[in-house]
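Fold and contact review
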Amino acid sequence: MLNQSDLKQWQKKKKLVDEDDLDNLEQRPPVLTIMGHVDHGKTTLLDHIRKTRVAATEAGGITQGIGAYKVMVSVDGKKQPCVFLDTPGHEAFGAMRARGARVTDIAIIVVAADDGIRPQTNEAIAHAKAAGVPIVIAINKIDKDGANPQRVMQDLSSIGLMPEDWGGDTPMVQISALKGDNINDLLETVMLVAELQELKANPHRSAKGTVIEAGLDKSKGPVATFIVQNGTLKRGDIVVCGEAFGKVRALFDDGGSQVKEAEPSMPVQVIGLSNVPSAGDEFEVVPSLDTAREKAEVHAELLRNERITAKAGDGKVTLSSLASAVSAGKLSGLDLHQLNIIMKVDLQGSIEAVRQALQVLPRDNVTLKFLLQATGDVSTSDIDLAIASEAVILGFNVKAPGPVRSYAENKGVEIRLYRVIYDLIDDVRKAMEGLLEPVEEQEKIGSAEVRAVFSSGSGRIAGCMVTEGKVMKGCGVKVLRKGKTVHVGALDSLRRVKEIVKEVSAGLECGIGMEDYDDWDEGDILEAFNTVQRSRTLEEASASMAAALEEVGIDL
């Protein structure tokens, strides 16, 4: 039985484990994703593991179909199940991550021993790290001429993936997917990593999980591939996922055979939904069609409201949108944020140059996280990663080809390209400062003296003479008595000779009323002010943070 600490860990990972599940948690198979650069052997590896010719049976050798396969792996002579996601490209992986669905438990990143780290290798590593997924490296093609596994390991260690053999914590296995060399060692390593993760779920409850693919079949109607992450999905269950709902009419496994139920980690195709859900939507089983319909309508209404109320540019990943978006859930007195950056440069040496240049910016309140640092022009995979991680793309002495720019515009991602390093630093500073909470300041607009107090039907009214500036309806008012502040509130009513007015200037008399205060005394001084918001610099924020920490006895 698990304690509350263990439960929180599972909830953090999946957000699908309830307190009621604690007594019934059981081991579940790991869900694995194979990623890497094109032609490094991803499909060949899965091919060998599944013992079938996947690519040969698919149109043009392109990965399609259910996209998930259950495989029995022999570990120490005992057959154990695991599930492989054969996700084409990085877009679907990024879309799932962006919706907070951490479907994958372990990422197997394939690197060719004769080719080393390539652009998509970097992108795959960035996606896995951004998703918080453990990484296992498969160094493939060790049988080829020119293979140099040691160089690959050296290159991987230079980007933060230190091999276990060298004292690091990243498992690396040298394999030949074509000949089948060391595939068993790779699978045993993966299963060991899975065992250390203690992946568990409760199969004795109604199902919850995630949509990994969905489409419209001419004969079957809406078809979706589900990964069950908790509970057991059964034929006849009523499910809701996003705007889609319905009764499960049929379940098919990865081999196309009908099944009656799907336990945790099992991928199944589902038929019976009202419409096509989105990849990454979470699904759950509900008691009735009415409940499912109601939840789907609520979800649809929320999406409609978001579209209606969204301001121009909202939801787009740009420096200005990030600068205007202030995170919720701050610590009292502290204003902490993170700016995710994807950096593409012309030369490897430029990466360190740009990073060192950005070191001059204070980072007490806004930290910079580099999700990807790579050479070469901006690619569509960079756009996918930017969407998934709400990152900005900064390019230094590189280009963004026309099709990539079009893709970025369609996805609402802004690409910033620079030739001068100081322009890049200035823009990053503006983005960091834009993430900070603005400071509210009181701007004095006038003052008045209470000369008499009158009673009215709504309370007591202060008869005042405006002595300086002006007072305005709706402005803030600070009530001073013998030099001390006795109340601060908003001016609710303002009259001059019984007429309701919007403002009264110096030298004129008026009647002032406040909604939540009427304890006036003759001689009170009223200071009228407007509350204005002012943006802060990184240096000001750092000073405020130091003061807040010092207040609670913490020295920086």
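Notes on the structure follow. The structure displayed is predicted, hence computed values, not measured ones.

Before going further, it helps to examine the overall build of the protein. Tallying secondary structure elements over the protein gives 13 helices and 29 strands in all. Within the protein, buried positions represent 47% of all 556 residues. Long-range contacts, defined here as pairs at least 24 residues apart, represent 70% of the contacts in the protein between residues at least 6 apart. Surface exposure of the protein reaches about 27,600 Å², of which carbon and sulfur atoms provide 47%.

Moving on: the nonpolar core. Core analysis: the largest hydrophobic core is formed by 27 residues, its most contacted members being Leu45, Phe84, Ile108 and Leu186. Where this core is concerned, the elements lending two or more residues are strand S2 (31–36), helix H2 (42–50), strand S3 (68–75), strand S4 (78–85), strand S5 (106–112), strand S6 (135–140) and helix H6 (183–197). Counting residues per element, this core draws most heavily on H6, which supplies 7 residues. Ile341, Leu361, Val366 and Leu424 belong to the second-largest nonpolar core, a separate cluster that totals 25 residues.

Let us look at the packing of aromatic side chains. Within a pair of aromatic rings, the relevant descriptors are the distance that separates the centres and the angle that separates the planes. Tallied over the entire structure, the rule returns 2 aromatic pairs. Between Phe226 and Phe283, the aromatic rings sit 4.1 Å apart at their centres with planes inclined by 15°, giving stacked as the arrangement. Placement of Phe226 in strand S10 (residues 221–230) and of Phe283 in strand S17 (residues 282–286) is noted, with a sequence separation of 57 residues between them. Of the two residues examined, Phe226 and Phe283, each falls in the buried class. With centroids separated by 5.3 Å and ring planes inclined at 85°, the aromatic side chains of Tyr517 and Trp520 adopt a geometry described as edge-to-face. As far as burial versus exposure is concerned, Tyr517 and Trp520 are alike and both buried. Here Lys220 stacks its cationic end above the ring of Phe252, 4.9 Å away from the centre of that ring.

This brings us to unusual backbone geometry. Trans peptide bonds make up most of the peptide bonds, and negative phi angles are found at most residues other than glycine. Even without being glycine, Asn182 reaches a positive phi, approximately 65°. Residue position: Asn182 is located in the loop between strand S7 (172–174) and H6. We classify Asn182 as partly exposed; its relative accessible area is 34%. One non-glycine residue with positive phi stands out, namely Lys482, at about 55°. Tracing the backbone through its elements, the reader meets Lys482 in the loop between strand S24 (476–481) and strand S25 (484–496). Lys482 sits in the exposed class, given a relative accessible area of 86%.

What follows covers the packing of helix H4 (residues 119–131) against helix H10 (residues 380–389). Here H4 crosses H10 at 5°, and the two axes come no closer than 11 Å. Considered as vectors, H4 and H10 are oriented roughly parallel to each other. Contact residues: Glu123, Ala126, His127 and Ala130 in H4; Ser381, Asp382, Asp384, Leu385 and Ser389 in H10. A breakdown of the residues in the contact of H4 with H10 according to their chemical character gives 3 nonpolar, 3 polar and 3 charged.

Right, let's talk about the sheet that holds S6 for a bit. The strand order across the open sheet built from 6 strands is S3-S4-S2-S5-S6-S7, with neighbouring strands paired in mixed fashion. Each of the sheet's edge strands pairs with one partner strand only, and the pair in question is S3 and S7. Along the sheet, successive strands turn relative to each other by an average axial angle of 30°, direction set aside. Both S2 and S4 contribute to a ladder of 3 bridges, which runs parallel. From the neighbouring strand, Thr33 faces S4, where its bridge partner is Leu85.

Within the secondary structure, Asn140 is located in strand S6. A residue is classified by how much of its surface remains accessible, and Asn140, at 3% relative accessible area, is buried. In contact with Asn140, other than residues within four places in its own chain, are His40, Gly41, Val110, Val111, Ala112, Ala113, Ile175, Ser176 and Ala177.

Attention now moves to the pattern of salt bridges. Applying the stated rule across the entire model yields 14 salt bridges. The closest approach of N and O atoms between Arg293 and Asp290, which form a salt bridge, is 3.2 Å. Within this pair, Arg293 and its partner Asp290 are both found in helix H7 (residues 289–309), separated by 3 residues, close to a single helical turn. Residue Asp290 is classed as exposed on the basis of its relative accessible area, which comes to 55%.

Side chains that are three or four residues apart share a direction in an α-helix, a result of its 3.6 residues per turn. Counting buried residues along H10, 8 of its 10 residues qualify, which places the element largely inside the surrounding structure. When we look at burial in H10, the residues that qualify are Ser381, Asp382, Ile383, Asp384, Leu385, Ala386, Ala388 and Ser389. Positive phi appears at Glu390, one or two residues downstream of H10, with a value of about 50°.

Rules behind the numbers
Residues numbered from 1 in each chain as written. Predicted model: local features only at pLDDT ≥ 70, side-chain atom pairs only at ≥ 80, totals over all residues. Heavy atoms only, no water. Helix = DSSP H or I, 4+ residues; strand = E, 2+ residues; numbered from the N terminus. Buried < 20%, exposed > 50% of the residue type's maximum accessible area, 1.4 Å probe, protein only. Contact = heavy atoms within 4.5 Å. Areas by Shrake-Rupley, 256 points an atom, 1.4 Å probe, with all protein chains shown as cover. Core = buried A, V, L, I, M, F, W, Y, C linked by side-chain atoms within 4.5 Å. Phe/Tyr/Trp six-rings, centres within 6.5 Å; stacked < 30°, edge-to-face > 60°. Lys NZ or Arg CZ within 6 Å of the ring centre and 35° of its normal. Axes fitted to C-alpha atoms, helices over the stretch in contact; angles between N-to-C directions. Parallel < 35°, antiparallel > 145°, perpendicular 65-115°, else oblique. Nonpolar A, V, L, I, M, F, W, Y, C, P; charged D, E, K, R; others polar. Pairing = 2+ DSSP bridges. Salt bridge = Lys/Arg side-chain N within 4 Å of Asp/Glu carboxyl O.

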